[in-house]
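# Secondary and tertiary structure notes
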Amino acid sequence: MHQRPAPSALIVAVIGALFLTLTAGPSAAAAPPTPQAAPPAPQVENLGPASAVTSTSVAEQVGDRIWTATSGVSPVQVGAFDPATQKIEQKVALPTGAGAWAMAHIGTDLYIGLYTPGDVYKIDTTTGALTKVAQFGSFIWSIAATPDGRIVAGTYPDGGVHEYDPATGATRSYGAAFPGEQYVRSIAADETTIYAGVGTKAHLIAIDRASGERRDVLPAQYADRTFVATLTLTGGKLAAGLSPTGTMLVFDTANLAAPVEVQTPGGDQYVTAITIDEPTGDVYLGTRPSGTLYRSRGGELQRLGSPYDGAYFNRIFVDGSTIRAELTSEVVTFDEAAGTFSGVDLGAAGLPPAPEQPMGIAATRDTVLVSGKAGIQVHDLKAGTNRRVFLPGEAKTLTPIGRDVYLGVYTLARLWSMKPDGSGLHEFGRIENEQTRPTDDAYDERTRTLLISTEPDYGKYDGTLTEQQIGTGRREVHRGVVPHQSVRSVGAEDGIAYLGGATRNSLGTTPVLPEATVVAFDLRRNRTLWEVAAVPGAQAFSDVVPFRGRLYATTDDGRLAVLDQRTGKVLSTQTIGTSQSRLAIARGRLFGTDNKRVFEFIPGRVPAVTTVVDGLDAQIYGFPVITASPTGDALYTLKGRDLVRITVPKGSHR
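The notes below deal with the structure included here.

Rules used in this analysis
- Residues numbered from 1 in each chain as written.
- Predicted model: local features only at pLDDT ≥ 70, side-chain atom pairs only at ≥ 80, totals over all residues.
- Heavy atoms only, no water.
- Salt bridge = Lys/Arg side-chain N within 4 Å of Asp/Glu carboxyl O.
- Helix = DSSP H or I, 4+ residues; strand = E, 2+ residues; numbered from the N terminus.
- Buried < 20%, exposed > 50% of the residue type's maximum accessible area, 1.4 Å probe, protein only.
- Pairing = 2+ DSSP bridges.
- Polar contact = N/O pair within 3.5 Å; in protein donor to acceptor, adjacent residues only side chain to side chain.
- Contact = heavy atoms within 4.5 Å.
- Axes fitted to C-alpha atoms, helices over the stretch in contact; angles between N-to-C directions.

### Brief notes about the pattern of salt bridges
- Inspection of every chain in the model, using the stated rule, returns 31 salt bridges.
- For the salt bridge of Glu434 with Lys460, the shortest nitrogen-to-oxygen distance reads 3.6 Å. Of this pair, Glu434 sits in the loop between β39 (426-430) and β40 (435-444) while Lys460 is found in the loop between β41 (449-456) and β42 (464-469), placing the two residues 26 residues apart along the sequence.
- In this structure, Glu434 engages Arg479 in a salt bridge whose closest nitrogen and oxygen atoms are separated by 3.0 Å. Linking Glu434 in the loop between β39 and β40 with Arg479 in strand β43 (residues 475-479), this pair joins segments that are 45 residues apart in sequence.
- Judged by relative accessible area, which is 40%, Glu434 ranks as partly exposed.

### What about the sheet that holds strand β58 (residues 642-647)?
- In space, the four strands of this open sheet follow the order β1-β58-β57-β56, with antiparallel pairing throughout. The sheet terminates laterally at β1 (44-49) and β56 (627-628), the two strands that pair on one side only.
- When β1 meets β58, the two strands line up antiparallel, connected through four bridges. Paired with Asn46 across the bridge in β58 is Val644.

### A few points about the side chain of Arg225
- Tracing the backbone through its elements, the reader meets Arg225 in the loop between β18 (214-216) and β19 (227-234).
- Residue classification places Arg225 among the buried positions, given a relative accessible area of 12%.
- A polar side-chain atom of Arg225 sits 2.8 Å from a polar atom in the side chain of Thr245.
- Contact partners of Arg225, with chain neighbours within four places excluded, come to Thr200, Lys201, Ala202, Leu242, Ser243, Thr245 and Thr247.

### A word on the sheet that holds β41
- If you walk across this open sheet you meet the four strands as β40-β41-β42-β43, and the pairing is antiparallel. With partners counted over all chains shown, the strands left at the sheet margins are β40 and β43, one partner each. Sheet twist, expressed as the mean angle between neighbouring strand axes with direction ignored, is 20 degrees.
- Strand direction decides the pairing type here: β42 and β43, joined by five bridges, are antiparallel. Bridged to Glu467 within β43 is Glu476.

### Observations concerning the pairing of strand β48 (residues 541-547)
- Burial of β48 is extensive: seven of the seven residues sit out of reach of the surface.
- One ladder, built from six bridges, connects β48 with strand β49 (residues 550-555); its direction is antiparallel. Considered in β49, the bridge of Phe541 is made with Thr555.
- Between β48 and β49, which follow one another and run antiparallel, lie two residues, and Arg548 among them has a positive phi close to 55 degrees.

### Brief notes about unusual backbone geometry
- In this model, Ser74 is joined to Pro75 through a cis peptide bond whose omega is 0 degrees.
- Here Pro75 shows up in the loop between β4 (65-70) and β5 (77-82).
- For the bond running from Gly199 to Thr200, omega is 25 degrees, close enough to zero to count as cis.
- Residue position: Thr200 is located in the loop between β16 (193-199) and β17 (203-208).
- In this structure, Arg548 takes a positive phi of about 55 degrees despite not being glycine.
- Structurally, the position occupied by Arg548 is in the loop between β48 and β49.
- At Asn595, a residue that is not glycine, the phi angle is positive and equals roughly 80 degrees.
- Checked against the element boundaries, Asn595 lands in the loop between β53 (589-593) and β54 (598-602).

These figures come from the coordinates and say nothing about function on their own.
Now the structure itself:
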């Protein structure tokens, strides 16, 4: 037991201490702190365009030339391909728009429907003169010419049908094709009727052009489809492609009640292009994902061939015995006698690649991979060069593991792998379960498991967490693991997957829950450990990353929650910006980007956020992109549409 000193002793001790303080020189404890050297400023190196592509989504033949337009690049380039010279003989840059899904022509006038914004341009193909003639909202999915010389358009997100009269300049809106649906994905018209192909719940709406009255003519047995995605109308014959079953229906417009069904074989889910050859009545169609050209003759389906695995047919042109098709980046001609295709690359023909909005990024020891439309740009860090590798789809996730890079590909949630130099590309599986869009990825070293989160197909509910075992190849899909949500983001550590939800399950759905949740899922026991709505009112968690025993979760509206990894208890929340962000760990430090800047979290009870590099103005398609080099000495992200390398100096915040 300690004894208290006598009062007199305490007084003497206090006086003595005060005397020493007043007479002694400055002590080490009392000395002002030594100024800390400012951390070295990060170096930022611009490596040039992150991803450059010639990618098209539409085509129309005017006279003997095939017109097409680029998508995902700025400015949109409209080009006229001459099959005789195999060159782009005319080229027109559009002043607005991010791309085009829609083309039609009236005589020698070509009309192009754009997205963001939904402008309609006319090109006089004889003079090259360009005129903006109308605007229909933000996104035009489809346009068609009527026999009496008008243009009809289908739009998103209003699910509307619109008309433009070139003779008077007047426009007319028929309103939403079907109540509650956002997409008019395809459109066709004759003298009296507009036919609108609707999704995400499939409908085929016949609209009386005079009265505006409408009726759904899609037979009831096809109501479970997601889209009437493709339409063409020739000589009283209307052909419609249904997703996701790869079904084509052929209607007689004089009797719409009894269409003929044509079912494509082999698991194809989409009919992307249909052309009716009026002299013969034959119907030509292109499917994906196989990329196959078929002919339907007298009710029999004949496989003609495929230019390459995964070819995407934008348009098929038939002129007597000549069959041509415009694909993602080339024009091909089919030799029926030989059963072969010959092709001309549109980039080489005069529609050169341009910087696009990238979708994903990954770094290996020697390369940086940037994904975009129908391909991956492989940047060789030593040589300072890059090349493009074709991919039949869009890699939304890229994960280097060992000697390979694993890809989650949209659409159809396909799984591919490749070598870091771009070689050895092959498909090894599909997630299925009505999933189409990979959203994020992570690798758990403890279980040697690649984790991929996904969003379901249009109009569907419940995303998945997919476990892909790297050693055994075993695949396990957990649907609805984040209840009533799609799975936007995934992180992993020590056999636990951390999942960030999004209340919007997929495009075309209405949220079930008022706010998104975060879930911890035990990969070894296949069970949920905890679920929490970590940020009030948050609709999506754009990233979740375990870091130093805590889970950092960012929201799409610029907030951060820090959670206890073990219990899910929310330790702090704060606002760090105004939009979604993605995170990366480098040199034992946590960084992120929101497209405007790269920032660093300084751990603490409430983490501090410091800006590392500002003024990025990154132009992406989808989510922000950032990744660390394998050694952690560099971060890679975007400045505009360029790839930049940011050095990460040694040292860490403790």
